[in-house]
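So the chains spell out like this:
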Amino acid sequence: MAYGIVLLIFVWQILSFFYDEMILPSPKVTLITLFSILSNFDVWQHVYLTVFCIIMALIFGTLFGITLGILASFSSWVNALIKPVKDLLIAIPPVALVILAIIWFGEGTLFTTIIVSALVFPLIYESTVNAIKAVDQDLIEMANVFQINARTRLLDIYLPSIIFYILANFLLAAGLAVRMMILAEILGATKGIGHLISMAQKYLITQDIFAWLIILITIILAFEGGLVYIIKKYLLRWQTQE
C-alpha cells in the first residue's frame, strides 16, 4: 500500500508540471494549503459539525433500520408498508434524493442528517430482516417449548444474529454516510466541510479542494478502518462469548 501511495504522489507531481496550479496543484502546494486549513480554528468548527452529523445519521439510520426490520420480520403488514419505501430509497439516485430533500426541507444541518439517515436505513433494514430469517429454527422451537419470553428471545436469540449480519453493511453504511454527507453539504448546506468545498469550487481555489479531499480520505479511513473496525472486533468477541 505504501508503494502505491508513493507512486500516486510521484505521478501527481509529474502531472502538475504540465498543468496550471488552478487545474492541478502540486503535492507541495496541496500540503501547504492543508496545514493552513488545519491551523484555522474556524475550519475545525465545520469539521466537528460534519463529523457530528455523520455520527447522528448513522445512529438514527441504524436504529430505525433495526427497529423496523424486527417489526417487519414478525408482521406482514409492516413489511408490506416498509418494503416499497426501502426499495424506493435504494432505486432513487442519491443526488436526486438530495435535491428533493433540499426542496422539501430546505438547507441546513437538519436536512443533511435526515437525508443521510434515509440512505443508511435500507442497508441496515435489509440486514436485520435477513438476520432474523437466518436464525436457527431449532432455537426458535426450543424457545417455544420452554416458553421463553419475548425479551429473552430478542436479546439471546435474535440480537446476536442481527449484529453478525449488520456488521458488513454497517461498514458500508459508514463510508456511504461520509460521502453522502459531503454531497448533501455541497448541494444544500451553509456549514460543514461540504459547504467549504463548495465555496472553494465557486472561487476556483483548487488547492483547497485537493486539501479537503485529503481530509475526507482521513475521515473515511477513521470511520471504516478505525472506529468501525474496533466496534466490529468488540462485538464479535462479545458474540463469541455468548
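These numbers come from a predicted model, not from an experiment.

Parameters and conventions
Residues numbered from 1 in each chain as written. Predicted model: local features only at pLDDT ≥ 70, side-chain atom pairs only at ≥ 80, totals over all residues. Heavy atoms only, no water. Helix = DSSP H or I, 4+ residues; strand = E, 2+ residues; numbered from the N terminus. Buried < 20%, exposed > 50% of the residue type's maximum accessible area, 1.4 Å probe, protein only. Contact = heavy atoms within 4.5 Å. Areas by Shrake-Rupley, 256 points an atom, 1.4 Å probe, with all protein chains shown as cover. Lys, Arg positive; Asp, Glu negative; His and termini not counted. Salt bridge = Lys/Arg side-chain N within 4 Å of Asp/Glu carboxyl O. Polar contact = N/O pair within 3.5 Å; in protein donor to acceptor, adjacent residues only side chain to side chain. Axes fitted to C-alpha atoms, helices over the stretch in contact; angles between N-to-C directions. Parallel < 35°, antiparallel > 145°, perpendicular 65-115°, else oblique. Left-handed = near helix turned anticlockwise from the far one by under 90°. Nonpolar A, V, L, I, M, F, W, Y, C, P; charged D, E, K, R; others polar.

Caption draft 1: Region of interest: the overall build of the chain. If you tally the helices and strands in the chain, you get 10 helices and 0 strands. Listed N to C, the secondary structure of the chain is α-α-α-α-α-α-α-α-α-α in terms of helices and strands. For the C-alpha atoms alone, the extent of the chain along its principal axes is close to 75 × 45 × 30 Å. In the chain, which comprises 242 residues, the proportion classed as buried is 38%. Counting only contacts in the chain whose residues sit at least 6 apart along the sequence, the fraction spanning at least 24 positions is 75%. Taken as a whole, the chain presents about 14400 Å² of accessible surface, with 71% of it coming from carbon and sulfur.

Caption draft 2: Looking closely at the environment of Ile66. You can see Ile66 is positioned in helix α3 (residues 41–74). Sequence separation between Ile66 and Met199 is 133 residues, and the spatial gap between their C-alpha atoms is 37 Å. Ignoring any residue separated from it by four or fewer positions in sequence, one finds Ile66 in contact with Ile124, Thr128 and Ile166.

Caption draft 3: Here's a closer look at the side chain of Glu185. Tracing the backbone through its elements, the reader meets Glu185 in helix α8 (residues 150–188). Buried and without a salt bridge, Glu185 has Lys191 as its closest oppositely charged side chain, separated by 11 Å. Of note is the side chain of Glu185, whose polar atom sits 3.0 Å from the side chain of Thr50.

Caption draft 4: View of the packing of α8 against helix α9 (residues 193–202). Direction vectors running N to C along α8 and α9 enclose 55°, while the axes themselves pass 7 Å from each other. Comparing their axes, α9 and α8 come out oblique. In this structure, the crossing between α8 and α9 has a hand that is right-handed. When α8 is examined against α9, the residues Ile182, Glu185 and Ile186 are found in contact with a partner set consisting of Ile193, Gly194, His195, Ile197 and Ser198. A breakdown of the residues in the contact of α8 with α9 according to their chemical character gives 4 nonpolar, 3 polar and 1 charged.

Caption draft 5: Examining the environment of Leu119 more closely. Examined against the element boundaries, Leu119 turns out to sit in helix α6 (residues 109–133). C-alpha of Leu119 to C-alpha of Ala173: the two residues are 54 residues apart in sequence and 8.2 Å apart in space.

Caption draft 6: How the structure looks around the packing of helix α4 (residues 76–91) against α6. In the contact formed by α4 and α6, the axes pass within 9 Å of each other and the chain directions differ by 125°. The orientation of α4 relative to α6 falls into the category oblique. Relative to α6, α4 is oriented so that their crossing is left-handed. Facing Asn79, Ile82, Lys83, Lys86, Leu89 and Ile90 of α4, the residues of α6 in contact are Ala118, Phe121, Pro122, Tyr125 and Glu126.

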